[in-house]
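Below, each chain spelled out in residue letters.
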Amino acid sequence: KPMLPKLSEEVPVGEEWMYEVKYDGFRALLTWEEHSITLTSRNGKDLTPLFPEVIQFCNDIQKLIQNWLPVQLDGELVVLNSPLQANFSLIQLRGRLGQQDKIAKMAKRRPATFIAFDLLEYNKEISSYPFLERKKKLISLMEKLHITVPIHPLKRIGFTKSYSNFEELWNLLVMEYGEGIIAKRKTNRYEHGKRVDHWLKIKNWRKITGVVTQYDVANQYFSLNVLEQEDWKEIGVFKHGLKETEFQSITNLMM
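One structure accompanies this document, and this report is about it. (Residues numbered from 1 in each chain as written. Predicted model: local features only at pLDDT ≥ 70, side-chain atom pairs only at ≥ 80, totals over all residues. Heavy atoms only, no water.)

## What to know about the sheet that holds strand E2 (residues 17-22)
Strands belonging to one sheet form pairs held by backbone hydrogen bonds; the direction of such a pair is parallel or antiparallel. We apply this condition: Note on pairing: two strands pair once DSSP finds at least 2 bridges between them. Helix and strand assignments follow DSSP, with helices taken as H or I runs no shorter than four residues and strands as E runs no shorter than two, numbered in order from the N terminus. Axes, fitted as lines to C-alpha atoms, cover a helix only where it is in contact. Angles between the N-to-C directions of the axes lie from 0 to 180 degrees.
Within the open sheet, the four strands sit side by side as E1-E11-E10-E2. Their pairing is mixed. Every other strand in the sheet has two partners, leaving strand E1 (4-7) and E2 as the edge strands with one partner each. Between one strand axis and the next, the sheet turns through 40° on average, direction left out of account. The sheet contact formed by E1 and strand E11 (residues 195-203) spans four bridges and is parallel.

This is how it looks when you write it as structure tokens:
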């Protein structure tokens with residue numbers, strides 16, 4: 001299972017920290033072997049059939065990566081509104097589709113992108129390497145795949161750019177209404193399945209007034225709606241920010 005960040009209200013500073021965009025999507029592992037390419041959710045669900053455009057892109061550049069397999073990337077499946085902002089409602093819709101023709105139409109209309117932020121296998125297991133070294137190898141791999149910019153509209157794989165200055169990234173993120181930032185300590189190894197304090201999530205909280213109309217038991221997200229004339233319109237989904245008692249009260253009402 002992937003390593004998970006802890007939520008933090010404080011920003012860690014110092015030479016040992018790097019900062020990257022936190023995208024709002026489906027956390028996934030991309031496992032790339034000679035005869036198979038799979039996408040697996042953080043809970044072990046096979047996401048491969050849901051994102052054919054990502055798999056096709058990988059197949060198209062298979063020759064470029066052949067000598068470096070097996071490769072395993074940790075990242076986020078997203079549908080992007082901009083290079084710094086993901087549309088969670090659209091990726092959530094993709095996750096609910098079951099018919100291949102509908103999946104194919106959505107993949108063409110609003111294609112998903114797998115944004116890699118860590119490299120766990122690169123010819124061999126490298127998760128025990130320090131994060132900074134894994135990140136350098138990730139960038140090197142991206143260059144071999146001719147992916148030279150973090151986000152490209154025609155490429156279904158991207159990567160997160162690391163910043164040494166938190167304020168620089170935060171100012172860019174706020175302008176585009178991004179979800180938040182992950183602060184990562186350069187020297188730590190990857191710890192599978194653990195929630196760690198050397199990856200810290202700093203959220204870009206925004207206040208929105210609306211009505212909770214739906215609760216998804218599968219992923220524990222609430223739908224927030226507003227009344228527009230005589231119709232309810234979904235303006236977003238949320239999961240975090242509630243106290244335990246508030247969460248229980250709302251779920252008891254919804255279920």
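## A look at the sheet that holds strand E12 (residues 211-216)
Within the open sheet, the three strands sit side by side as E12-E13-E14. Their pairing is antiparallel. With one partner strand each, in any of the chains shown, E12 and strand E14 (231-238) form the two edges of the open sheet. Strand-to-strand twist in this sheet, taken as the mean axis angle between neighbours without regard to direction, amounts to 35°. Pairing geometry for E12 and strand E13 (residues 221-228), over five bridges, is antiparallel. By the bridge assignment for E13, Val212 is matched with Leu224.

## Regarding the packing of aromatic side chains
The criterion, for reference: Two rings from Phe, Tyr or Trp (for Trp, the six-membered ring) form a pair when their centres sit within 6.5 Å of each other. Planes less than 30 degrees apart are called stacked, planes more than 60 degrees apart edge-to-face, and all others tilted. Here, a charge over a ring is recorded when the distance from Lys NZ or Arg CZ to the ring centre is within 6 Å and its angle to the ring normal is within 35 degrees.
Using the criterion set out here, one finds twelve aromatic pairs in the structure. With 6.2 Å between their ring centres and 85° between their planes, Phe26 and Phe88 make a pair best called edge-to-face. Placement of Phe26 in strand E3 (residues 26-32) and of Phe88 in helix H3 (residues 88-96) is noted, with a sequence separation of 62 residues between them. Taking 5.8 Å as the distance between ring centres and 75° as the angle between the ring planes, the aromatic pair formed by Phe222 and Phe247 counts as edge-to-face. Residue Phe222 is found in strand E13, and its partner Phe247 is found in helix H7 (residues 244-254); the two are separated by 25 residues along the sequence. Here the aromatic cluster, defined as three or more aromatic residues joined through ring pairs, consists of Phe117, Phe131, Tyr190 and Trp199. Taking NZ or CZ as reference, Lys184 lies 4.1 Å from the ring centre of Trp199, over its face.

## Some words on the packing of H3 against helix H4 (residues 100-109)
Selection criterion: An angle below 35 degrees is read as roughly parallel, one above 145 as roughly antiparallel, one from 65 to 115 as roughly perpendicular, and any other as oblique. By definition, turning the near helix anticlockwise from the far helix through less than a right angle yields a left-handed crossing, and turning it clockwise yields a right-handed one. Only heavy atoms enter the contact rule, under which two residues are in contact if any of them lie within 4.5 Å. Amino acids outside the nonpolar list (Ala, Val, Leu, Ile, Met, Phe, Trp, Tyr, Cys, Pro) and the charged list (Asp, Glu, Lys, Arg) are all regarded as polar, and Gly is one of them.
Where H3 meets H4, the closest approach of the two axes is 10 Å, and the angle between their N-to-C directions is 155°. When the interaxial angle is binned, H3 and H4 end up roughly antiparallel. Crossing geometry of H3 relative to H4 is assigned as left-handed. Counting all contacts with H3, which are made through Leu90, Leu93 and Arg94, the residues of H4 involved are Ile103, Met106 and Ala107. Taken together, the residues of the contact of H3 with H4 break down into five nonpolar, no polar and one charged.

## Here we look at the side chain of Lys22
What counts here: Burial here depends on accessible area, computed with a 1.4 Å probe over protein chains only, as a share of the maximum for the residue type. Under 20% is buried, over 50% is exposed, and the range in between is partly exposed.
Tracing the chain through its elements places Lys22 in strand E2. Relative accessible area serves as the criterion here: at 15%, Lys22 is assigned to the buried category. Every residue in contact with Lys22, bar those within four places of it in the chain, is listed here: Glu76, Glu179, Gly180, Ile181, Ile182 and Lys201.

## Re the environment of Leu30
On the secondary structure map, Leu30 appears in strand E3. Residues Leu30 and Leu200, spaced 170 residues apart in sequence, show a C-alpha to C-alpha distance of 22 Å. When near neighbours in sequence (up to four residues on either side) are disregarded, Leu30 contacts Ile37, Thr38, Leu39, Cys58, Val71, Gln72, Leu73, Phe114 and Ile157.

## Re the pattern of salt bridges
What counts is decided by this rule: Salt bridge, as used here, is a side-chain nitrogen of Lys or Arg placed within 4 Å of a carboxyl oxygen of Asp or Glu.
Applying the stated rule across the entire model yields ten salt bridges. Between Glu179 and Lys22 there is a salt bridge, with its nearest N and O atoms 3.2 Å apart. With Glu179 in the loop between helix H6 (166-175) and strand E10 (180-185) and Lys22 in strand E2, this pair connects stretches of sequence that are 157 residues apart. Each member of the pair, Glu179 as well as Lys22, is classed as buried. Here Glu191 ties to Lys194 by a salt bridge, and the two come within 3.7 Å at their closest N and O atoms. Classification of Glu191 as buried rests on a relative accessible area of 19%. Since its relative accessible area comes to 45%, Lys194 is described here as partly exposed. Residues participating in the shared-partner salt-bridge network are Lys22, Glu76, Glu179 and Lys203.

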